[in-house]
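# Examining the three-dimensional arrangement
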Amino acid sequence: MRRLCFLALQHEANLLAKLAAGNQHSLFTGRDGSVSTCGSESRDLAGLLGHGEGVTRLATPSPLKPLPQGMSAAGVVAGSYHSLLLADGGGLWSWGTGQHGQLGHGARLSERRPRRVEALVGRSVVAAAAGLSHSVAVTADGAIFSWGGGKFGQLGHGDEAPGRESEGRERAERSTR
């Protein structure tokens, strides 16, 4: 394990609160609600770091700027090639590779900066998880939402079959009744 990221974080004034690691990127949440990322992306992994166009490699954690107005991060989640940010107020934001719909924005497109998952606006997200091609979120009222690729039944919607390509879900949909 290299100590470079850790040493860089030690020099920041803001102490580390939470962290997550994807395949080629890492996410850090500061106690002040800030988010930093480091890692690298390629043309096929556009937006992985969340810093926008032209930022493809960060060897030390770099703060995401600007976060949406007044937003403070409660936590971060790393999928293999995408990221989720849980905001203090219960909102959910995503960015990174979206080829399977795992970002939840209604399309199979990548996002270079954090973008709010609009299907969950008005609901308070309290937990989230991410895999290679899908994402899952739980709201304060206990509802579970999932979206992205469902080839192996991982979305829990009941219409996916192992070994058969699924349509998947590009938008967050409730997975339990």
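Above this text sits the structure in question.
Residues numbered from 1 in each chain as written. Predicted model: local features only at pLDDT ≥ 70, side-chain atom pairs only at ≥ 80, totals over all residues. Heavy atoms only, no water.

## Some words on the pattern of salt bridges
Side chains that carry opposite charge are capable of pairing whenever their charged atoms lie near each other. Applying the stated criterion across every chain yields a total of 4 salt bridges. The salt bridge partner of arginine 112 is glutamate 53, with a shortest N-O separation of 3.1 Å. Pair noted here: arginine 112 is in strand S8 (residues 111-116) and glutamate 53 is in the loop between strand S3 (35-40) and strand S4 (57-63), with a separation of 59 residues, a long-range link. When its relative accessible area of 66% is taken as the criterion, glutamate 53 is described as exposed. Connected via shared salt-bridge partners are Glu41, Glu53 and Arg112. (Salt bridge = Lys/Arg side-chain N within 4 Å of Asp/Glu carboxyl O. Helix = DSSP H or I, 4+ residues; strand = E, 2+ residues; numbered from the N terminus. Buried < 20%, exposed > 50% of the residue type's maximum accessible area, 1.4 Å probe, protein only.)

## Some words on the sheet that holds strand S7 (residues 92-96)
Ordered in space as S5-S6-S7-S8, the 4 strands form an open sheet in which the pairing is antiparallel. In the strand order of this sheet, the two ends are held by strand S5 (73-78) and S8, each with one partner. The average undirected angle you get between the axes of adjacent strands in this sheet is 15 degrees. (Pairing = 2+ DSSP bridges. Axes fitted to C-alpha atoms, helices over the stretch in contact; angles between N-to-C directions.)

No statement about biological role is implied by the geometric values presented.
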